[in-house]
Amino acid sequence: MDSSIVNAEKEVLVEMVKLAQKRGMEGSKGTWKNFLNTYDRKFGSSLSDPSKRPVDALVSFLKTFSKEEDLKFFAKIFQCHSNRKVVEESKTKSNGNESPEQLQRLISLTLEHPQYLLDYSFPSHEEGWVVTKIRRKYKFTRSNAMVAVDCEMVLCEDGTEGLVRVCVVDRNLQVKLNEFVKPDKAVVDYRTEITGICAKDLDEAASSLADIQRSMQKLLSHGAILVGHSLHNDLKALKLDHARVIDTAFIFKYENQPINRRPSLNNLCKSILGYEVRRKGAPHNCVDDASAAMKLVLAKLEQGLDDAIPCVHEDMPANEMAKLLLHKIPNDVPIEELNRIVPGKFTTEVQPTKKAGGKYYSALAIFRNSQEASEAFENIPGIQGKDSSGRSQKSVSYQLSTGASASLHVRTMAYADSLSQVTSRKRSSQFEVSGDSKKSKTDEKTEDKEMEVKPNECEDHKIEIERLKAVLSQRDNELSSLQKVMSQRDKEISTLHKIISNLTRKQGL
């Protein structure tokens, strides 16, 4: 352990000390701050940022730990960094001439994706997590062995997700693992419509998470590559940190779309493989999803690494198009307030939250048809943009009935081009009339409609301007009150100075 610490890079040492601080860990000389007070007599713990301390200080502190559980904790951190370093080194040696190199290129595409660091930053140091070992030997870093995984998770009572099923297939699509897993926490939602799993399916489940982790370690030994779609979700459920990964949500890119626009597994299968992995409304199937991910990687190797795929939108059912998603709603905003923010007639349906104790909640505004939903979205005053998937979204600031200010996001369920196609179809159906006179009347109606929209937009702007004026007026009143208070304080100070001056003269000082 001592030799590993001495030879470690500073960024690794800094992370170890920070985590030790966060966990309140104590060595033979106490916590990090206790250690600094004895190690550095000049500055002590006043300079406690590990990144601003020399390597010698970091090493000396880490050497004060001798408990087995502490050493295991630090060893995990070393292993994570070592794995990533090996993968990075093998990435720079890639030349793209042979199959192992092509696979390494796909690993690199995953690592270089803008979302990788965010999605794959696992709390691997925590209890219950397993970190696989990747050796520097050539046969490990150049192995072309691959397995694909897919997991099903349920919602537990503490707001976390629990693993209940895991399936693994090899590159020949042979099933290597297909097990139900007994969750170690009480389940509040089996998500049967998605997972296809109910409580009865787990009655005879004998495998624990630890059993599955051991099986995964065997499958990933000798440098095997782990494949999956949005694989970070599966790794979190497995509590498994493995560095050689290929994420099919990262390695494919859409034509003329932002890089953070991630295709769904079903979309990829339709575009690349020519079939749907599941029908609309059908629950997931672990074996099918794992096999689909493996097929996509094999197809990517055959068809080329850099070919963009056409953007294919899944058909949106009419009842889904008639909804708007309201999210990032502060918990202290009552559901009734949404009727004051979103125009039109609709019913609200609060969505279950994934995290217990969160600050926000989400809700669906359900309209009678897609046209009403589209019109309501257009009439909501706010800053329009797109979410990470390319769907139209507005950032809305509003004032509650209590007078407090808040904000939320309103998003369409379909993509912008899908909405435009719906709108164009509606318009074309209105324009299917014969004769110049009918056409001119239609044009007049279109112009009238456009003229009708402008007053609505102006009215929205007027409302927003009035709201801002009210806010500014309130701020002005507050400033005026503060100025009066300051003026009064100045008078009081002046009076005190006079009293002190008089007393000084009387005492002859």
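Residues numbered from 1 in each chain as written. Predicted model: local features only at pLDDT ≥ 70, side-chain atom pairs only at ≥ 80, totals over all residues. Heavy atoms only, no water.

(A) Here's a closer look at the packing of helix α3 (residues 32-39) against helix α4 (residues 55-62). Packing of α3 against α4 leaves a shortest axis separation of 11 Å and a crossing angle of 120°. Considered as vectors, α3 and α4 are oriented oblique to each other. Helix-helix and strand crossings are classified by hand; for α3 and α4 the assignment is right-handed. Contact with α3, carried on its side by Trp32, Phe35 and Tyr39, involves Asp56, Ala57, Leu58, Ser60 and Phe61 of α4 and no other residues of that element. Looking at the contact of α3 with α4 residue by residue, the classes come out as six nonpolar, one polar and one charged. (Axes fitted to C-alpha atoms, helices over the stretch in contact; angles between N-to-C directions. Helix = DSSP H or I, 4+ residues; strand = E, 2+ residues; numbered from the N terminus. Parallel < 35°, antiparallel > 145°, perpendicular 65-115°, else oblique. Left-handed = near helix turned anticlockwise from the far one by under 90°. Contact = heavy atoms within 4.5 Å. Nonpolar A, V, L, I, M, F, W, Y, C, P; charged D, E, K, R; others polar.)

(B) Geometry of the confidence of the model for the protein chain. For the protein chain, mean pLDDT is 79; residues scoring 70 or higher make up 77% of the total. Within the protein chain, the lowest mean pLDDT, 46, falls on helix α18 (residues 416-431), and the highest, 96, falls on strand β6 (residues 225-228). Note on residues 94-98: pLDDT under 50 across the span, and six contacts to partners over four residues away in sequence or across chains. Every residue in residues 419-457 scores below 50 in pLDDT, and together they form twelve contacts with partners more than four places removed in sequence or on other chains. (pLDDT = per-residue confidence, 0-100.)

(C) Examining the environment of Ser108 more closely. With respect to the helices and strands, the residue Ser108 is situated in helix α6 (residues 99-112). Assessed through its relative accessible area of 2%, Ser108 is described here as buried. (Buried < 20%, exposed > 50% of the residue type's maximum accessible area, 1.4 Å probe, protein only.)

(D) Quick peek at the pattern of salt bridges. Following the criterion strictly, the structure yields nine salt bridges and no others. Ionic pairing is found between Asp40 and Arg53, a salt bridge with its closest N-O pair at 2.7 Å. Separated by 13 residues along the polypeptide, Asp40 in the loop between α3 and α4 and Arg53 in the loop between α3 and α4 bring together distant segments of the chain. Across the pair, exposure class does not vary: Asp40 and Arg53 are buried alike. With a closest N to O distance of 3.0 Å, Glu337 and Arg340 form a salt bridge. Residue classification places Arg340 among the exposed positions, given a relative accessible area of 53%. (Salt bridge = Lys/Arg side-chain N within 4 Å of Asp/Glu carboxyl O.)

(E) Representation of the side chain of Arg165. Assignment of secondary structure puts Arg165 in strand β3 (residues 161-170). Comment: no salt bridge for buried Arg165; closest opposite-charge side chain is Glu152, at 6.6 Å. There is a polar contact of 3.1 Å between the side chain of Arg165 and the side chain of Asn178. Excluding residues that lie within four positions of it along the chain, Arg165 makes contacts with Asp150, Cys151, Glu152, Asn178, Glu179, Phe180, Val181, Ile197 and Cys286. (Lys, Arg positive; Asp, Glu negative; His and termini not counted. Polar contact = N/O pair within 3.5 Å; in protein donor to acceptor, adjacent residues only side chain to side chain.)

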